[in-house]
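Given next are the chains, with one letter for each unit.
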Amino acid sequence: MTIKVWDYLDEYAELREEILAAVDRVFSSGWLILGENVKGFEAAFAEYLGIGVPGVGVNSGTDALFLSLRALGVGEGDEVITVPNTAVPTVAAITSTGARARFVDIDPVSYLMDPAKLAAAVTDRTKCILPVHLYGQCADMDAVNAIAKRHGLSVLEDCAQCTGARYRDRPAGTEGDVAAWSFYPTKNLGTYGDGGMITSRRPDLTDRARSLRMYGMKGRYYADEHGYNSRLDEVHAAILAIKLRHLDRWVERRRALADRYAAALANSGLVLPQEAPGNYHSWYVYVVRHPARDEILARLKERDILLNVSYPWPIHIMTAYENLGYGTGDFPVAEKMATEIFSLPMYPTLTDADQDRVCAALLEILGSL
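Participant: When you look at the side chain of His-281 in this model, what are you seeing that I'm missing?
Facilitator: Along the chain, His-281 falls in the loop between strand E11 (279-280) and strand E12 (286-289). Of the residues examined, His-281 reaches a relative accessible area of 2% and is grouped as buried. At 2.9 Å, the side chain of His-281 forms a polar contact with the backbone nitrogen of Trp-283.

Participant: Hey, could you run me through the sheet that holds strand E4 (residues 100-103) in this one?
Facilitator: Adjacent strands of a sheet pair through backbone hydrogen bonds, lying either parallel or antiparallel. Strand order in this open sheet of 7 strands is E2-E10-E9-E6-E5-E3-E4, and the pairing throughout is mixed. Because the sheet does not close on itself, it has two edges, and the strands there are strand E2 (56-58) and E4. Here the average twist between neighbouring strands, direction ignored, is 25 degrees. As defined by bridge partners, strand E3 (residues 79-82) adjoins strand E5 (residues 126-129) across 3 bridges and the pair is classed as parallel. Residue pairing across strands places Glu-79 opposite Thr-126, the latter belonging to E5. Strand contacts of helix H5 (residues 141-151): E5 and strand E6 (154-158), with the helix running at about 150 degrees to E6, the strand carrying the most contacts.

Participant: Explain the packing of aromatic side chains to me, please; I cannot follow it from the model alone.
Facilitator: Any aromatic ring pair is given by two values, namely how distant the centres are and how the planes are angled relative to each other. Tallying each qualifying case throughout the model produces 15 aromatic pairs. With a centroid separation of 5.1 Å and 85 degrees between ring planes, the pair formed by Phe-45 and Trp-181 is classed as edge-to-face. Residue Phe-45 is located in helix H2 (residues 36-49), and its partner Trp-181 is located in strand E9 (residues 178-182); the two are separated by 136 residues in the primary sequence. Each member of the pair, Phe-45 together with Trp-181, is buried. The lysine or arginine in question, Arg-255, covers the ring of Tyr-280, its NZ or CZ lying 3.9 Å from the ring centre.

Participant: I'm lost on the pattern of salt bridges in this one. Help?
Facilitator: Close approach of charged atoms allows side chains with opposite charge to pair. A complete count under the given rule lists 25 salt bridges for this structure. In this structure, Glu-11 engages Lys-243 in a salt bridge whose closest nitrogen and oxygen atoms are separated by 2.6 Å. Note that Glu-11 is positioned in helix H1 (residues 9-29) and Lys-243 in helix H7 (residues 234-244), a separation of 232 residues in sequence. For Glu-11, a relative accessible area of 12% puts it in the buried group. Here Asp-169 ties to Arg-166 by a salt bridge, and the two come within 3.4 Å at their closest N and O atoms. The exposure class of Arg-166 is partly exposed, given its relative accessible area of 28%.

Participant: Would you mind going over helix H6 (residues 203-212) with me for this structure?
Facilitator: Along an α-helix, a turn takes 3.6 residues, which lines up residues three or four apart on a common side. Of the residues making up H6, those classed as buried are Leu-205, Thr-206, Ala-209, Ser-211 and Leu-212. In this structure, the buried side of H6 is in contact with E2, helix H3 (61-71), E9 and strand E10 (196-199).

Participant: Even after reading the chapter, I still don't get helix H10 (residues 332-340), so can you show me in this structure?
Facilitator: Along H10, the positions that sit buried rather than exposed are Val-333, Ala-334, Glu-335, Met-337, Ala-338 and Glu-340. In this structure, the buried residues of H10 make contact with E12, helix H9 (293-302) and strand E14 (341-344).

Participant: Would you take a moment to explain the sheet that holds E11 for this structure?
Facilitator: Reading across from one edge, E8-E7-E11 is the order of the 3 strands in this open sheet, with antiparallel pairing throughout. Of all the strands in the sheet, the pair left with one neighbour each is strand E8 (170-171) and E11. Inspection of the sheet shows strand E7 (residues 166-167) paired to E11 by 2 bridges, in the antiparallel sense. Bridging across to E11, Arg-166 finds its partner in Tyr-280.

Participant: Whenever I open this one, the nonpolar core confuses me. Can you help?
Facilitator: The nonpolar side chains of soluble globular proteins are, as a tendency, buried together. Counting 110 residues, the largest nonpolar core has Phe-41, Phe-342 and Leu-362 as its most contacted members. For Phe-41, the residues in contact, after removing those within four places along its chain, are Phe-183, Leu-189, Met-197, Leu-232, Ala-237, Leu-240, Ala-241 and Leu-244. Counting residues in hydrophobic clusters, the runner-up holds 10 residues, among them Leu-15, Val-23, Val-26 and Ala-238.

Participant: Looking at this structure, how should I read a nonpolar patch on the surface?
Facilitator: A grouping of Phe-27, Leu-32 and Ile-33 is seen on the molecular surface, where their side chains present a nonpolar patch of about 300 Å² in accessible area. Summarising the element assignment, Ile-33 is placed in the loop between H1 and H2. What makes Ile-33 partly exposed here is its relative accessible area of 39%.

Participant: Explain the environment of Tyr-347 here, please?
Facilitator: With respect to the helices and strands, the residue Tyr-347 is situated in the loop between E14 and helix H11 (352-368). Through-space distance from the C-alpha of Tyr-347 to that of Leu-15 is 15 Å; in sequence the pair is 332 residues apart. Setting aside residues no more than four positions away along its own chain, Tyr-347 makes contact with Lys-4, Val-5, Trp-6, Asp-7, Arg-254 and Leu-257.

Participant: Help me understand empty space enclosed by the protein, please; the structure alone is not making it clear to me.
Facilitator: Any empty space left between the atoms is revealed when a probe the size of a water molecule rolls over them. Scanning the model with the defined rule gives 4 cavities of 30 Å³ or more in all. Considered as a void within the structure, the largest cavity measures approximately 110 Å³ in volume. Taken together, 16 residues make up the lining of the largest cavity; nearest its centre are Trp-6, Glu-11, Pro-185, Lys-187 and Lys-243. For the lining of the largest cavity, the class distribution of residues is 7 nonpolar, 4 polar and 5 charged. Its residues assigned to classes, the lining of the second largest cavity shows 8 nonpolar, 4 polar and no charged.

Calculation rules
- Residues numbered from 1 in each chain as written.
- Predicted model: local features only at pLDDT ≥ 70, side-chain atom pairs only at ≥ 80, totals over all residues.
- Heavy atoms only, no water.
- Helix = DSSP H or I, 4+ residues; strand = E, 2+ residues; numbered from the N terminus.
- Buried < 20%, exposed > 50% of the residue type's maximum accessible area, 1.4 Å probe, protein only.
- Polar contact = N/O pair within 3.5 Å; in protein donor to acceptor, adjacent residues only side chain to side chain.
- Pairing = 2+ DSSP bridges.
- Axes fitted to C-alpha atoms, helices over the stretch in contact; angles between N-to-C directions.
- Contact = heavy atoms within 4.5 Å.
- Phe/Tyr/Trp six-rings, centres within 6.5 Å; stacked < 30°, edge-to-face > 60°.
- Lys NZ or Arg CZ within 6 Å of the ring centre and 35° of its normal.
- Salt bridge = Lys/Arg side-chain N within 4 Å of Asp/Glu carboxyl O.
- Core = buried A, V, L, I, M, F, W, Y, C linked by side-chain atoms within 4.5 Å.
- Patch = residues over 30% accessible without salt bridge, like charges linked within 9 Å, V, L, I, M, F, W, Y side chains within 5 Å.
- Areas by Shrake-Rupley, 256 points an atom, 1.4 Å probe, with all protein chains shown as cover.
- 1 Å grid on protein atoms, 1.4 Å probe; cavity = no way out; pocket = protein on both sides within 12 Å on 5 of 7 lines; lining within 4 Å.
- Points joined across faces, edges and corners; volume = space filled by probe spheres on them.
- Nonpolar A, V, L, I, M, F, W, Y, C, P; charged D, E, K, R; others polar.

Okay, here's the thing in structure tokens:
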């Protein structure tokens, strides 16, 4: 039987009746776009984060980033500092505003933005710092915020991978000016399609984002500024509201699976991930390292264990972003990590037996290298 790096079918089976009932209520309501389900989920997600301002549901995590940047006033001629080992959408969102992405290298243990390199990247064009909370835990927000405050910069947290995480015992996504979330199916809180959310304690930012997601309108049919079409729909909002009630339980299971991996693979020769100081890791993915990564993945595939690499290429060496002026060797930590990392299966319905099978196969392969 094949073991995948991620699977949602058992989760769906558990919630199927409740989800189908919610979908039927939406279809029977006569209201499909920006109705009570979206409003309800926007309020519930903000309550989960402990902030008093409802979120803004949008159609993807990418648009959550893009519209957050626009709400912050980022545009042509500005620079946004982020990391090169993120997913393409982070930099695609920056580029779509007309701004330029400026990279800093990552910490070799956490794979998160290295604050020691951050201050040197600030220029007179820098408008925003965009830390990526990669793999399920938060960047060093104390250090990021201190540098942002010193230079008068905005902070946008990329929370696509850290739903359910905590930083200094506070929910992830509540440290910066604004946060962007993804509800892509694989995420800790995922729907069955695309979806995203913008959250902030600042009503001025959520109000502007709410207008921008609907053609720049504050009312109906009249645009106050150029805007976009980016709306979380009623069906996905209804599904996400159900799943939100299970999020903490699912994160606890992820943490238990991470502990089991750590115990089973402690002396395997793999470099195992670490929970960074001040973090409550939500383990979106469990990323390990080994210089023989590609051989290991090939041999696991022969055993019907299909794993993934997040991500095999840093952004700065991609053809699409060669105009940024970076090249191989500019960010050596991120570049080295990209050649060695791979993700082990991680999702709440992964059974202990399947996890044990993955670990046994890894130990056998590693022992023969």
